[in-house]
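In case you want the letters, here they are:
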Amino acid sequence: MNTKQKRELYRRTISDISDNQLTEVFQRLKELALITSSGAEIAEIELEEEIYGQMIRYFILDAPDPKRDVLQNTMRKKLYSLTDNLFIRSLSAQPHDQWYIQRKKYYKGEFFKEQDLTELGNLIADANGMSLDSTEERLEKLFLSIWMSSGLTDYQLKTLKQYLTGGRHDITLGSVIVTALILHALEKFSSEVWMLLADIYESKTCQFWQRALMGMVLTIIRFDHRLNLYPEIENRLHLLSADEQFIGHLEKVSIQLVRTGDTEKVTRRIQEEIIPEMMKLAPKIQDKLSLDQMIKDEGGEEKNPDWEEFFEESPGIFEKMEELNKLQSEGVDLFISTFSKLKHFPFFHNSANWFLPFSHRHPGLIPSDTDDTQAEALRSFFEVFERFPVMCNSDKYSFSFNLVTMPEEQTQMITGALSGEMGEMIKLTESDGLLSSSTGTEVFHQFAQDLYRFFRVHPAHQETEDPFSMKKQLYQCSVTEKLFSQFPVLARRLGEYYFHHEHYDDAIILFSATEKEPQDNPELFQKLAYAWQMSGNLDKALDYYKKAELFDSNALWNLKKIAWCYHLQNNLDEAISAYREAERLAPDSVQIKLNIGNLLLQKGNWDEALFYYLDAEAMSPDNAKTLRPVAWCLFLKGELEASASYYGQIMEKAFNHNDLLNFGHVKFALSEKSEAFNLYRQSLKHRKNNRESFIDAFMSDKTHLIRLGLATHDIAFMLDAVTGYPDLTI
């Protein structure tokens, strides 16, 4: 059975348990148990199967069974737990699987006491005096024994709680333990582990509570289908919500998870749109700005006058660069494609190290053969780097290990260039409160990115379940439904994030949840309308735009949106009516007049369309945008000389392939075949000699040419001459 088949078997089994359809569950569990050679589990499955058979017989015989529901729910919990354990072990069931040995070794867990945790924490804290290999080995053993254990005992949970919520703990060790608890909870649901994470969150222990909350949320999303069996979780959420801060923290985590889930989409966009644009610019920069001469230039800080002209050739580049800066400032993961290739260092062979908070004191960062001067320079750089908020811990270690492998001169150049930039960013983020331990924003986004790299990049990532592949969102979970109803501000703020990042379906659901709240402006209805419009439901969009009309503000914007929706529905009369209302509010708007003209043109009302086009031209003369529709409309009306005059003006300003085609039509209708031929040829050339594109455009206007008196065979001759005889010149 391959991995895909195992996942499908797991999905079907979980679904059947959720639906109380248990008959086939037992057989599927036996299949998983055979894969993992789990004899003890097979016996447990058979016992549950026998008990279920008795329950069925009692039901058929209509025998009294007052505890049936309780027994069934208890059985479902056991079956869920068995399914989780057997499935996750089945992913590493073969000797060649990377976690095969670890899963077998740590399945029963390892005994540890609080004293052991304190001792290990002290060793990590005293980084300069510790034996790195032995300490890392102990840390990895503890990490795996918590994560991969089939179930943590009450004693273990109590010990971990005392260490993590008490006053004496090491941040590095504690962060790794919290992460191990989260990985355990994500693989094998445990209400006790979830409650421990909630305790850690409530303790507000620096660095721990942010990780714990993210683990709580991910676990809720992952196991929402079974949380009705654990009312204690919903009750705990209710108690937590009494603290206003909790709602704010929940919002931050939700947004960060959406943002992290968008990583692949953002990375693809950077690689397919922004980077190629930069690469296209590179040779032009070299040529246009004469870089070899500029290096010799001693003119100081004077700006190069060529720059402005150069960037005009790529008008979208500034917008792309600004967007990149904005994404970075929002905490979007921009480094995944770069640093995913730098996880090959021995440091990452230990799974715990993927979650280690970056520390400039980590003894592995500076090679033992580094001279004192270089070592001190690196220590100074790493100390600043540790506080750099944009990059996650895993990537900081990747960067650092890569840095120390470079030649000394190159290392000095990079550290010197980056130190100043990082210092400025740290000052800025400190002033904004980003690095404050009370806000947690820095830890939220760094930990989310650390998790993302582990589940997407780790060599054995196929041997576990990726929480970032889940389609469900927190607001969709049954256990959080009351929270979003009780706190509409949470729904609204999260909806705003979805809206501004173009997740319109999610925004619609969240905005709709707050729709019944008193509204003192049209913004919510307008955003709902726009979201419905972008989702393709124009009827709903119009409903909400009309609701927004009941408010006095933004009437012009609203009318234009209504007109546009009617236009998309091809309801031209209503669209024209809405634009005319907008025109009364903005009589000097050239664009509104052009829009009305375009709609009238679509209806075939050329005279009235021309009236609006001429009005727009009078308001914005010598503008190709207003000249173009006048020229075309005159052509349709058969006023060919006037049309030719307008196209002549366009040729002197800014023309495109369609202008050349249309001017060719005018000349053809005026029986000026040679000029028409040359214009058509230029249009074809401006289409990069794409014959199909030209022929489609030409033939779409054939009815107009015939109506203006051109013979069908002449039209065919002209088309063949333009497209079939490339050597023909006139």
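Residues numbered from 1 in each chain as written. Predicted model: local features only at pLDDT ≥ 70, side-chain atom pairs only at ≥ 80, totals over all residues. Heavy atoms only, no water.

1. Observations regarding the overall build of the protein chain
The condition that has to hold: Helix numbers and strand numbers start at the N terminus; a helix is a DSSP run of H or I with at least 4 residues, a strand a run of E with at least 2. Buried residues are those whose accessible area, probed at 1.4 Å on protein chains only, stays under 20% of the maximum for their type, while exposed residues exceed 50% and partly exposed ones sit between those limits. What makes two residues a contact is simply this: any of their non-hydrogen atoms within 4.5 Å. Computed with a 1.4 Å probe, the accessible areas rest on the Shrake-Rupley method; for each residue, only the protein chains presented here act as cover.
Helix and strand counts for the protein chain come out as 38 helices and 0 strands. Taken over 730 residues, the protein chain has a buried fraction of 48%. Once local pairs closer than 6 in sequence are excluded, the contacts in the protein chain between residues at least 24 apart make up 67%. Entry remark: accessible area of the protein chain is about 36100 Å², with carbon and sulfur atoms responsible for 51%.

2. Let's talk about unusual backbone geometry
In this structure, Glu 502 takes a positive phi of about 65° despite not being glycine. Take Glu 502: it is sitting in the loop between α24 (488–500) and α25 (504–513). A residue is classified by how much of its surface remains accessible, and Glu 502, at 58% relative accessible area, is exposed. Not every positive phi belongs to a glycine, and Asn 570 is a case in point at roughly 65°.

3. Topic: the packing of aromatic side chains
Quick note on the threshold: Side-chain rings of Phe, Tyr and Trp, where Trp is taken by its six-membered ring, are said to pair if the distance between their centres is within 6.5 Å; with planes under 30 degrees apart they count as stacked, over 60 as edge-to-face, and otherwise as tilted. Charge over a ring is defined by NZ of Lys or CZ of Arg lying within 6 Å of the ring centre and within 35 degrees of the ring normal.
Under the counting rule described, the total for this entry stands at 45 aromatic pairs. The ring of Tyr 201 carries Lys 204 above its face, with NZ or CZ at 3.6 Å from the centroid. Directly above the aromatic system of Trp 209 lies the positively charged group of Lys 204, at a separation of 5.7 Å from the ring centroid.

4. Examining helix α32 (residues 624–636)
Definition in use: Expected span, for any helix, means 1.5 Å times one less than how many residues it has. A 3.5 Å cut-off defines polar contacts: any pair of N or O atoms within that distance qualifies, except that in protein one atom must be a possible hydrogen donor and the other a possible acceptor, and neighbouring residues in sequence count only when both atoms are side-chain atoms.
Over its 13 residues, α32 runs 18 Å from end to end, which matches the ideal 18 Å to within 8%, given 1.5 Å per residue. α32 sits mainly inside the fold: 11 of its 13 residues count as buried. Taken residue by residue, α32 has Ala 624, Thr 626, Leu 627, Pro 629, Val 630, Ala 631, Trp 632, Cys 633, Leu 634, Phe 635 and Leu 636 as its buried positions. Next to the buried residues of α32 lie α30 (590–603), α31 (606–619), α33 (640–652), α34 (657–669) and α37 (702–707). If you check the start of α32, you find a side-chain oxygen 2.9 Å away from the backbone N of Lys 625, and it comes from Asn 623. Note on α32: the residue one or two positions beyond its end, Gly 638, has a positive phi of about 85°.

5. Here's the deal with the nonpolar core
Operational definition: Among buried residues, the Ala, Val, Leu, Ile, Met, Phe, Trp, Tyr and Cys ones that are joined through side-chain atoms within 4.5 Å form a nonpolar core.
Ile 177 and Leu 181 are the most contacted members of the largest nonpolar core, which totals 206 residues. Contact partners of Leu 181, with chain neighbours within four places excluded, come to Ile 146, Leu 152, Leu 160, Leu 164, Val 193, Leu 196, Leu 197 and Ile 200.

6. Topic: the confidence of the model for the protein chain
For clarity, the threshold we go by: Residue-level confidence of the predictor is summarised by pLDDT, bounded by 0 at the bottom and 100 at the top.
Per-residue confidence for the protein chain gives a mean pLDDT of 86; residues scoring 70 or more make up 88%. A low-confidence stretch, residues 281–315 stays under pLDDT 50, and its non-local contacts, those more than four residues away or across chains, total 25 contacts. Low confidence marks residues 434–438, where pLDDT is under 50. Its contacts with residues over four positions away, or in another chain, come to 16 contacts.

7. What about a nonpolar patch on the surface?
Applied cut-off: Each patch is built from residues lacking any salt bridge and having more than 30% relative accessible area; the joining distance is 9 Å for like charges and 5 Å for nonpolar side chains (Val, Leu, Ile, Met, Phe, Trp, Tyr). By definition, a salt bridge exists where a carboxyl oxygen of Asp or Glu is found within 4 Å of a side-chain nitrogen of Lys or Arg.
A grouping of Ile 56, Phe 59 and Ile 60 is seen on the molecular surface, where their side chains present a nonpolar patch of about 320 Å² in accessible area. Considering the arrangement of structural elements, one finds Phe 59 in helix α3 (residues 39–60).

8. What to know about the side chain of Gln 374
The topology assignment puts Gln 374 in helix α19 (residues 372–386). The residues contacting Gln 374, other than those within four sequence positions of it, are Glu 408, Thr 411 and Gln 412.

9. Section: helix α26 (residues 523–535)
Note: α-helices contain 3.6 residues per turn, so residues at a spacing of three or four share the same orientation. For α26, built from 13 residues, the straight-helix expectation of 18 Å at 1.5 Å per residue is met to within 8% by its first-to-last C-alpha distance of 18 Å. Listed as buried for α26 are Leu 524, Phe 525, Gln 526, Lys 527, Leu 528, Ala 529, Ala 531, Trp 532 and Gln 533. Where the residues of α26 are buried, they touch α24, α25, α27 (538–548) and α28 (555–568). Two residues or fewer past α26, Gly 536 is found with a positive phi of approximately 95°.

10. With respect to the environment of Thr 83
Within the secondary structure, Thr 83 sits in helix α4 (residues 68–90). In this structure Thr 83 comes out as buried when scored by relative accessible area, which is 0%. Sequence separation between Thr 83 and Arg 28 is 55 residues, and the spatial gap between their C-alpha atoms is 9.1 Å. Contact partners of Thr 83, with chain neighbours within four places excluded, come to Tyr 10, Thr 13, Ile 14, Ile 17 and Leu 29.

11. As for a negative patch on the surface
As a reminder, the rule being used: For the charge count, each Lys or Arg is scored as positive and each Asp or Glu as negative, with His and the chain ends excluded. Charge coordinates come from a single atom per side chain, which is NZ of Lys, CZ of Arg, CG of Asp or CD of Glu.
Together, Asp 371, Asp 372, Glu 408 and Glu 409 make up a region of like negative charge exposed at the surface. Positionally, Asp 372 belongs in helix α19.

12. A word on the environment of Asp 607
Relative to the helices and strands, Asp 607 resides in helix α31. Judged by relative accessible area, which is 52%, Asp 607 ranks as exposed. Separated by 27 residues in sequence, Asp 607 and Leu 634 place their C-alpha atoms 9.1 Å apart.

13. Some words on the packing of helix α1 (residues 3–18) against helix α2 (residues 25–35)
Let me state the cut-off plainly: Angles run from 0 to 180 degrees between N-to-C directions of axes, and those axes are lines fitted to C-alpha atoms, restricted for helices to the stretch in contact. Two helices crossing with the near one rotated counterclockwise from the far one by less than a right angle form a left-handed crossing, whereas a clockwise rotation gives a right-handed crossing. Note that Gly is not counted as nonpolar here; it falls among the polar residues with everything else outside the nonpolar set of Ala, Val, Leu, Ile, Met, Phe, Trp, Tyr, Cys and Pro and the charged set of Asp, Glu, Lys and Arg.
Across the interface, α1 lies against α2 with an axial gap of 10 Å and an inter-helix angle of 145°. Handedness of the crossing formed by α1 with α2: left-handed. Of α2, the residues touching α1 (which contributes Lys 6, Leu 9, Arg 12, Thr 13, Asp 16 and Ile 17) are Val 25, Arg 28, Leu 29, Glu 31, Leu 32 and Ile 35. Classifying every residue of the contact of α1 with α2 by side-chain character gives 6 nonpolar, 1 polar and 5 charged.

14. Describing the side chain of Glu 136
Structurally, Glu 136 is set in helix α7 (residues 132–147). Residue contacts for Glu 136: discarding those within four places in its chain leaves Phe 347, Asn 350, Asn 353 and His 362.

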